[in-house]
Amino acid sequence: GAVVSQHPSWVICKSGTSVKIECRSLDFQATTMFWYRQFPKQSLMLMATSNEGSKATYEQGVEKDKFLINHASLTLSTLTVTSAHPEDSSFYICSAIGGGIGNTIYFGEGSWLTVV
Amino acid sequence: QQQVKQSPQSLIVQKGGISIINCAYENTAFDYFPWYQQFPGKGPALLIAIRPDVSEKKEGRFTISFNKSAKQFSLHIMDSQPGDSATYFCAARDQTGANNLFFGTGTRLTVIP
């Protein structure tokens, strides 16, 4: 079946640095990708919707200058956490959907970010 | 505002028993209702999904019951096993709109031997 891959699975970075997380659709073209953030024991919070070749649409309260999203191709979207702080430590999950209605949304395995 | 309300928050079931998780929604534009299973440290995995033109869908031990008039849907896990212990999320999507999923708050299921 369809697979969405995230990389890295785990990352530790120093406060003030930037870190990039990749989300790839491995066997289908994803016209839309979504980025979520999940805190321990909580639900997934949608951060932004990313459409290939256009600017991402951010949810209210999500800083677009801090969480840079690039959907450069139909199989790759990246999330860059800029000037990371400890409060950015979280589980980040992407999902992808192909073109047209009725398509299933597939999730990546998630990326744990720890900012020290 | 929580678009999809889920209950209970946690659930403990004896092995072999039936696990039932309930969700409710308000937005009548929602037309796709998936359930996801998430193990600790992993991304959500699609378990089963239903569209509002049917009232029930069964796949193996998992059944979704859907009540369109009440705007409610539920997941039933028959013959629950310890390996089913995970967090379950219901979700809803408006496929003619933004296409993103609105998640419930999750139910942590523990199946005890």
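A brief structural summary. (Residues numbered from 1 in each chain as written. Chains lettered and ligands numbered in written order. Predicted model: local features only at pLDDT ≥ 70, side-chain atom pairs only at ≥ 80, totals over all residues. Heavy atoms only, no water.)

Attention shifts here to the state of the cysteines. Inspection of the entire model under this criterion finds 2 disulfides over all chains. The disulfide bridge from cysteine 23 of chain A ends at cysteine 94 of chain A, spanning 1.9 Å between sulfur atoms. Measuring handedness by torsion sign, the sulfur bridge of cysteine 23 of chain A and cysteine 94 of chain A sits at about 80° and is right-handed. Here cysteine 23 of chain A, found in strand β3 (residues 19–25), pairs with cysteine 94 of chain A, found in strand β9 (residues 90–97); they are 71 residues apart in sequence, far enough to count as distant. With its sulfur 1.9 Å from that of its partner, cysteine 23 of chain B forms a disulfide with cysteine 90 of chain B. Around the S-S axis, the bridge from cysteine 23 of chain B to cysteine 90 of chain B shows a dihedral of about -95° and counts as left-handed. Of this pair, cysteine 23 of chain B sits in strand β3 (residues 19–25) while cysteine 90 of chain B sits in strand β9 (residues 86–93), placing them 67 residues apart in sequence. According to the relative accessible area criterion, cysteine 23 of chain B is buried, its value standing at 2%. We classify cysteine 90 of chain B as buried; its relative accessible area is 0%. (Disulfide = S-S within 2.5 Å. Helix = DSSP H or I, 4+ residues; strand = E, 2+ residues; numbered from the N terminus. Buried < 20%, exposed > 50% of the residue type's maximum accessible area, 1.4 Å probe, protein only.)

Turning to the nonpolar core, a few remarks are in order. Trp35, Tyr58, Phe67, Ile69, Leu79, Tyr92 and Leu113 of chain A are the most contacted members of the largest nonpolar core, which totals 25 residues. When contributions to this core are tallied by element, the ones reaching two or more residues are β2 (10–13), β3, β4 (32–38), β5 (44–51), β7 (67–73), β8 (76–81), β9 and β11 (111–115) of chain A. Not counting chain neighbours up to four residues away, the residues in contact with leucine 113 of chain A comprise Val11, Cys13, Val19, Val81, Asp88, Ser89, Ser90 and Tyr92 of chain A. Listed in part, the 24 residues of the second largest apolar core include Val13, Ile64, Leu75 and Cys90 of chain B. (Core = buried A, V, L, I, M, F, W, Y, C linked by side-chain atoms within 4.5 Å. Contact = heavy atoms within 4.5 Å.)

Taken residue by residue, the interface counts 20 residues in chain B and 21 residues in chain A. Between chain B and chain A, the buried area comes to about 1,600 Å², and carbon and sulfur atoms account for 55% of it. For the pair chain B and chain A, the interface holds 1 salt bridge. The salt bridge involving glutamate 109 of chain A is made with lysine 42 of chain B; its shortest N-O contact spans 3.8 Å. (Buried area = accessible area lost by both parts, 1.4 Å probe. Salt bridge = Lys/Arg side-chain N within 4 Å of Asp/Glu carboxyl O.)

All names here are of chain B. Evaluation of the coordinates by the stated rule reveals 19 aromatic pairs over all chains. Where phenylalanine 30 meets phenylalanine 102, the ring centres are 5.5 Å apart and the plane angle is 45°; that geometry is what we call tilted. Highlighted residues: phenylalanine 30 in the loop between β3 and β4 (33–38) and phenylalanine 102 in strand β10 (residues 101–103), separated in sequence by 72 residues. For phenylalanine 30, a relative accessible area of 2% corresponds to the buried category. Their ring planes at 90° and their centres at 6.1 Å tell us that phenylalanine 89 and phenylalanine 103 sit as a pair that is edge-to-face. Note that phenylalanine 89 is positioned in strand β9 and phenylalanine 103 in strand β10, a separation of 14 residues in sequence. (Phe/Tyr/Trp six-rings, centres within 6.5 Å; stacked < 30°, edge-to-face > 60°.)

Moving on to the sheet that holds β8 of chain A. Residues and elements named next belong to chain A. Taken in spatial order, the 4 strands of this open sheet run β1-β3-β8-β7, and their pairing is antiparallel. With partners counted over all chains shown, the strands left at the sheet margins are β1 (4–7) and β7, one partner each. Between one strand axis and the next, the sheet turns through 15° on average, direction left out of account. (Pairing = 2+ DSSP bridges. Axes fitted to C-alpha atoms, helices over the stretch in contact; angles between N-to-C directions.)

Before going further, it helps to spend a moment on the pattern of salt bridges. Residues and elements named next belong to chain B. This model, assessed by the stated rule, comprises 6 salt bridges over all chains. When the shortest N-O distance is used, the salt bridge between lysine 57 and glutamate 59 registers 3.6 Å. As a salt-bridge pair, arginine 61 and aspartate 84 come within 2.8 Å of each other at their nearest N and O atoms. Of the two residues, arginine 61 is situated in the loop between β6 (56–59) and β7 (62–67) and aspartate 84 in the loop between β8 (72–77) and β9; the sequence distance between them amounts to 23 residues. A residue is classified by how much of its surface remains accessible, and arginine 61, at 26% relative accessible area, is partly exposed. Overall, aspartate 84 belongs to the buried group, its relative accessible area being 5%.

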